[in-house]
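Residue strings, one per chain:
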Amino acid sequence: MQAGKLHWVVTLNRRNRSLFFALGLSALGAHLAYLQAGPLMWTLLLLQLLVYPQLVYWRAARAADPLRAELQNLLVDGVLLGAWSAVWGLPLWISFMLFVGVCINVVIFMGIPSLWKGVVAMLAGVGLVAAVHGLEFRPHTELHTSLLCIVLLTAYLLIVANDAYQRGVKLRDSRHELGQRLAQITRLQSQLQEQAERDPLTGLHNRRFLDDALERELAACAQTGAPLALVLIDIDRFKRINDTYGHPAGDEMIRRLADLLRDRVRDGGLIACRYGGEEFLLMLPGTTVDEAMAMAEELRTTFASLEVVSGGQAMRTTLSIGVAGCPEHGDAAQRLVLRADQALYEAKLRGRNQVVRASELREVSHPLASPA
Ligand SMILES: Nc1nc2c(ncn2[C@@H]2O[C@H](COP(=O)(O)OP(=O)(O)OP(=O)(O)O)[C@@H](O)[C@H]2O)c(=O)[nH]1
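Predicted model, so just to flag it, every value in this text is computed and none were measured. (Residues numbered from 1 in each chain as written. Predicted model: local features only at pLDDT ≥ 70, side-chain atom pairs only at ≥ 80, totals over all residues. Heavy atoms only, no water.)

(A) Structural view of the overall build of the protein. The helix and strand inventory of the protein stands at 11 helices and eight strands. The proportion of buried residues among the 372 residues of the protein is 43%. In the form shown here, the protein has an accessible surface area of approximately 19600 Å², with 60% of it arising from carbon and sulfur atoms. (Helix = DSSP H or I, 4+ residues; strand = E, 2+ residues; numbered from the N terminus. Buried < 20%, exposed > 50% of the residue type's maximum accessible area, 1.4 Å probe, protein only. Areas by Shrake-Rupley, 256 points an atom, 1.4 Å probe, with all protein chains shown as cover.)

This is the structure in structure tokens:
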């Protein structure tokens, strides 16, 4: 198995174990010298400190469940280091150094609740030696060995603490990056939502948005009894504008009308939407048909006197407008739009440049007309 694919606990623990054992070599070697140990003891100690870490790494790396194998390795460490302490008669500083090392490693990878496992593993090692060999208590270590134990343990703790700090920094950076990405995704999502609901030429809401909004507003009106008016607006003889001045000039006229509409729906709840090519719809919650008629009339006269300039050419045209309202002309969205459309059609029939309210309609004035 490749190291890159291994569980991070296996790779990190290989480094921690190799480091701890390599650092321990000087203190334990000094103690062996003090004990005047023979070549067998030296060989076993070197195997333990230099070869064993690689062997257990190899075992974990090849295990079906490397994490599980590595956590077992931690306990094997405990048993072996407990056994070494017992073999030497539990020298105080050395036993302390090994005990703290085992406990730290267990807590890093298994947490405080598993600390007992490390302690039991070490005691098992001590017990094993006591059972096989007997236990002689020789707590003394030479001063330089004790000092080495203190220095090495401190160094190991600092390395482990620095690891925790680096991991904390990495975690903070990842969270920051994740937060930024999330904010970016949220921004893009709302941009997409905005694009789906807006007309690109005018920036007004589109028909799709209005259909949903109208359903919502009518439901609210049904509850509160508040009025709602629809004002359907169509630019007169727009084809002629396009044909005479060109499509970009027609676009400019659409934009200018959109600006006028935007100015009139600044109050909360009022919505202006581009309903079709040169057709616009105002949805005016809380507005009576009379108020909507007045607004439409003001809009018609303003637009009629507006000179739109595009490409150095000045253009003028007029608006035909149909007005319908809830509750007078119905309380269902489709029905209200149809009544406003019928009124608009009537305005065209009457010669354009005028505002017609749905209740003024002649009989069968629109191919789509249906009885009110
Ligand atoms: N420049 C421009 N023209 C558009 C756009 N959308 C639709 N049109 C044009 O608007 C014109 C609408 O023409 P008609 O439906 O015949 O209506 P009209 O010429 O305004 O005549 P009346 O409505 O009967 O007064 C068509 O020529 C469309 O190509 C647009 O986004 N930009």
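There is more to say, and it comes next.
(B) Layout of the packing of aromatic side chains. A complete count under the given rule lists six aromatic pairs for this structure. Here the aromatic rings of F20 and Y156 are separated by 4.9 Å at their centres, their planes lie at 50°, and the arrangement is tilted. Highlighted residues: F20 in helix α1 (residues 8-35) and Y156 in helix α6 (residues 143-197), separated in sequence by 136 residues. Residue F20 is classed as buried on the basis of its relative accessible area of 6%. A residue is classified by how much of its surface remains accessible, and Y156, at 1% relative accessible area, is buried. When the ring of W84 is compared with that of W88, the centres are 5.1 Å apart and the planes differ by 35°; the resulting orientation is tilted. Ring-pair connections join several aromatic residues into one group, and the members of that group are F20, F21, Y52 and Y156. (Phe/Tyr/Trp six-rings, centres within 6.5 Å; stacked < 30°, edge-to-face > 60°.)

(C) A look at the nonpolar core. Core analysis: the biggest nonpolar cluster contains 33 residues, and V231, I233, L261, I321 and V323 have the highest contact counts within it. Elements with a contribution of two residues or more to this core: β2 (228-235), α8 (238-245), α9 (247-264), β4 (279-285), α10 (289-304) and β7 (319-326). When near neighbours in sequence (up to four residues on either side) are disregarded, I233 contacts L257, L261, E278, E279, F280, L282, L299, L319, S320 and I321. In this structure, L28, Y52, V106 and L152 belong to the second largest nonpolar core, which totals 30 residues. (Core = buried A, V, L, I, M, F, W, Y, C linked by side-chain atoms within 4.5 Å. Contact = heavy atoms within 4.5 Å.)

(D) Looking closely at the site of the ligand. The environment of the ligand is made up of 16 residues, and the closest members are R237, F238, K239, D251 and R274. R237 places a main-chain nitrogen or oxygen 2.7 Å from an oxygen atom of the ligand. At the level of elements, β2, α8 and α9 are the ones that each hand at least two residues to the shell around the ligand. Looking at which element gives the most residues to the shell around the ligand, the answer is α9, with four residues. (Near = heavy atom within 4 Å. Polar contact = N/O pair within 3.5 Å; in protein donor to acceptor, adjacent residues only side chain to side chain.)

(E) How the structure looks around the UniProt feature "transmembrane region" (unreviewed entry) in the protein. Mapped onto the present numbering, the UniProt feature "transmembrane region" (unreviewed entry) falls at residues 93-112, 119-137 and 143-165. Secondary structure within residues 93-112 divides into 90% helix and 0% strand; the distance between the first and last C-alpha atoms comes to 23 Å. The straight-line gap between the two end C-alpha atoms of residues 143-165 is 33 Å; of that span, 100% is helix and 0% is strand. (UniProt positions renumbered as here; feature names shortened; annotations may be inferred.)

(F) Quick peek at unusual backbone geometry. At the junction of C326 and P327, the peptide bond is cis and its omega measures out at 10° in the coordinates. One non-glycine residue with positive phi stands out, namely L90, at about 55°. Inspection of the secondary structure assignment puts L90 in the loop between α3 (66-87) and α4 (92-110). In this structure L90 comes out as partly exposed when scored by relative accessible area, which is 22%. Despite not being glycine, N353 has its phi angle at roughly 50°, a positive value. By secondary structure assignment, the location of N353 is in the loop between α11 (333-349) and β8 (355-357). By relative accessible area, which is 28% here, N353 ends up partly exposed.

(G) Representation of the side chain of T145 within the structure. One can find T145 in helix α6. In this view, T145 contacts A27, A30, H31 and I94; residues no more than four positions away in its chain are not counted.

(H) Just the sheet that holds β7, in detail. Pairing is mixed in the open sheet, where six strands are placed in the order β1-β3-β4-β2-β7-β8. A strand with exactly one partner marks an edge of an open sheet, and here the two such strands are β1 (205-206) and β8. This element, α9, spans β2, β3 (271-274), β4 and β7 of the sheet and lies at about 160° to β2. Sitting on the sheet, α11 touches β2, β4, β7 and β8, and the angle it makes with β7 is about 150°. (Pairing = 2+ DSSP bridges. Axes fitted to C-alpha atoms, helices over the stretch in contact; angles between N-to-C directions.)

(I) Representation of the pattern of salt bridges within the structure. As enumerated under the stated definition, the model contains 19 salt bridges in all. Two residues, E194 and R198, come together in a salt bridge whose shortest N-O distance is 2.9 Å. Residue E194 is classed as partly exposed on the basis of its relative accessible area, which comes to 39%. R198 gets classed as partly exposed once you look at its relative accessible area, which sits at 28%. Among the charged side chains, a salt-bridge network with shared partners connects R17, E70 and D77. (Salt bridge = Lys/Arg side-chain N within 4 Å of Asp/Glu carboxyl O.)

(J) Broad picture of α10. For α10, which comprises 16 residues, the first-to-last C-alpha distance of 22 Å matches the rise-based estimate of 22 Å (1.5 Å per residue) to within 8%. Turning to α10, its buried residues number three or more, namely V289, A292, M293, A296, L299, R300 and F303. Angular distribution of buried residues about the axis of α10 spans 130°; they occupy a single face of the element. On the buried face of α10, the contacting elements are β2, α9, β4, β7 and β8. (Expected span 1.5 Å × (residues − 1). Arc of directions from axis to C-beta.)

(K) Region of the structure containing the packing of α1 against α4. At a closest axis distance of 11 Å, the pairing of α1 and α4 adopts a crossing angle of 175°. In this view, α1 runs roughly antiparallel relative to α4, as classed from their interaxial angle. Along the contact surface, α1 presents W8, V9, L12, N13, N16, F20, G24, A27, L28 and H31, while α4 presents I94, M97, L98, G101, N105, I108 and F109. (Parallel < 35°, antiparallel > 145°, perpendicular 65-115°, else oblique.)

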